Amino acid sequence: MVEVNLMGTFHLIKAALPAMKQRGKETGLPASIAIMSSQAGQVGVYGYTAYSATKFGLRGLAEALQQEVIMDNIHVTLIFPPDTETPGLAQELKIRPEITNAIAASSGGMKADDVAQKALNGIKSAQFVVPCNFEGTMLSIATAGLSPQRSYLMAFNEVLGASLMRFVGLCFQWNWFSTIEKWHAKKKCK
Ligand SMILES: CCCCCCCCCCCCCCC[C@@H](O)[C@@H](N)CO
């Protein structure tokens, strides 16, 4: 998983960058690098230990990369979808633990076309972080950290919403840990 999700992204970007920089010099046009993370790259999720690690890793990659390529007029966009209706998810659901299903349900699911549309809009407006649904927007405010932010309005929302989203995030965590406890208690009784 690390090889595909993290190193695969790293090697692809490394291979494409020289030509992107050259094209930028010749045309003076901006360019974009879009990286597909996941909401499981903003919060650790039961059952996704390896997956979450790779998706969190992409954030570090994207933040450092954005600083390295900004002077080449290249914008990095990091997309954070929830569960997305794809053939891959259909396979995953056959074996996904009950607890993972319960936690992932906190953010619902989306159609692939809707995620693609959000991603495209985010890339066009050179957003660094692209949340895909309402829960994703809350998650992005809660996990804004030291990410770049090009929109003054979103920066304002992040500063204002930080403590409230921390509180909401803690409520979600309490709920998830109690689901885990109940599930284990039920298993012990059997
Ligand atoms: C501060 C408010 C928090 C708001 C709720 C957050 C809910 C987060 C739920 C995360 C679920 C992640 C599921 C993504 C999984 C996919 O990437 C995966 N199915 C791909 O295989």
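For the structure itself, look to the data block above.
Note that the coordinates shown come from a computational prediction; the quantities given were computed from them, not determined experimentally. (Residues numbered from 1 in each chain as written. Predicted model: local features only at pLDDT ≥ 70, side-chain atom pairs only at ≥ 80, totals over all residues. Heavy atoms only, no water.)

Caption draft 1: Fine view of the nonpolar core. Among the nonpolar cores identified, the biggest contains 17 residues, and I33, I35 and L65 are the most heavily contacted of them. The leading source of residues in this core is helix α2 (residues 49-69), at 5 residues. Aside from chain neighbours lying at most four places away, what touches L65 is I13, L17, I33 and V76. Listed in part, the 9 residues of the second largest apolar core include A40, V43, L139 and I180. (Core = buried A, V, L, I, M, F, W, Y, C linked by side-chain atoms within 4.5 Å. Buried < 20%, exposed > 50% of the residue type's maximum accessible area, 1.4 Å probe, protein only. Helix = DSSP H or I, 4+ residues; strand = E, 2+ residues; numbered from the N terminus. Contact = heavy atoms within 4.5 Å.)

Caption draft 2: Structural context of the sheet that holds strand β1 (residues 31-36). With parallel pairing, the 3 strands of this open sheet are ordered in space as β1-β2-β5. If you trace the sheet from one side to the other, it starts and ends with β1 and β5 (129-131), each paired once. The average undirected angle you get between the axes of adjacent strands in this sheet is 25°. Where β1 meets strand β2 (residues 74-80), 6 bridges bridge the pair, whose relative direction is parallel. Across the sheet, M36 pairs through a bridge with I79, a residue of β2. Contacts from helix α1 (residues 2-27) reach β1 and β2, with the element oriented near 170° to β1. The strands touched by helix α5 (residues 112-124) within the sheet are β1, β2 and β5, with β5 carrying the most contacts at an inclination of about 150°. (Pairing = 2+ DSSP bridges. Axes fitted to C-alpha atoms, helices over the stretch in contact; angles between N-to-C directions.)

Caption draft 3: Up close: the environment of G161. Within the secondary structure, G161 is located in helix α7 (residues 152-189). Once the C-alpha coordinates of G161 and A119 are considered, the two residues, 42 residues apart in sequence, prove to be 23 Å apart.

Caption draft 4: Highlighting the site of the ligand. Taken together, 22 residues lie around the ligand, and S38, Y48, Y51, D83 and E92 are the ones closest in. Contact between the ligand and Y48: a nitrogen atom at 3.1 Å from a side-chain N or O atom of the residue. Its free accessible area being 610 Å², the ligand has 92% of it covered by the protein chains. Those elements that provide at least two residues to the shell around the ligand are α3 (87-95), α4 (98-105), α6 (134-142) and α7. Looking at the shell around the ligand, its residues break down into 13 nonpolar, 5 polar and 4 charged. (Near = heavy atom within 4 Å. Polar contact = N/O pair within 3.5 Å; in protein donor to acceptor, adjacent residues only side chain to side chain. Areas by Shrake-Rupley, 256 points an atom, 1.4 Å probe, with all protein chains shown as cover. Nonpolar A, V, L, I, M, F, W, Y, C, P; charged D, E, K, R; others polar.)

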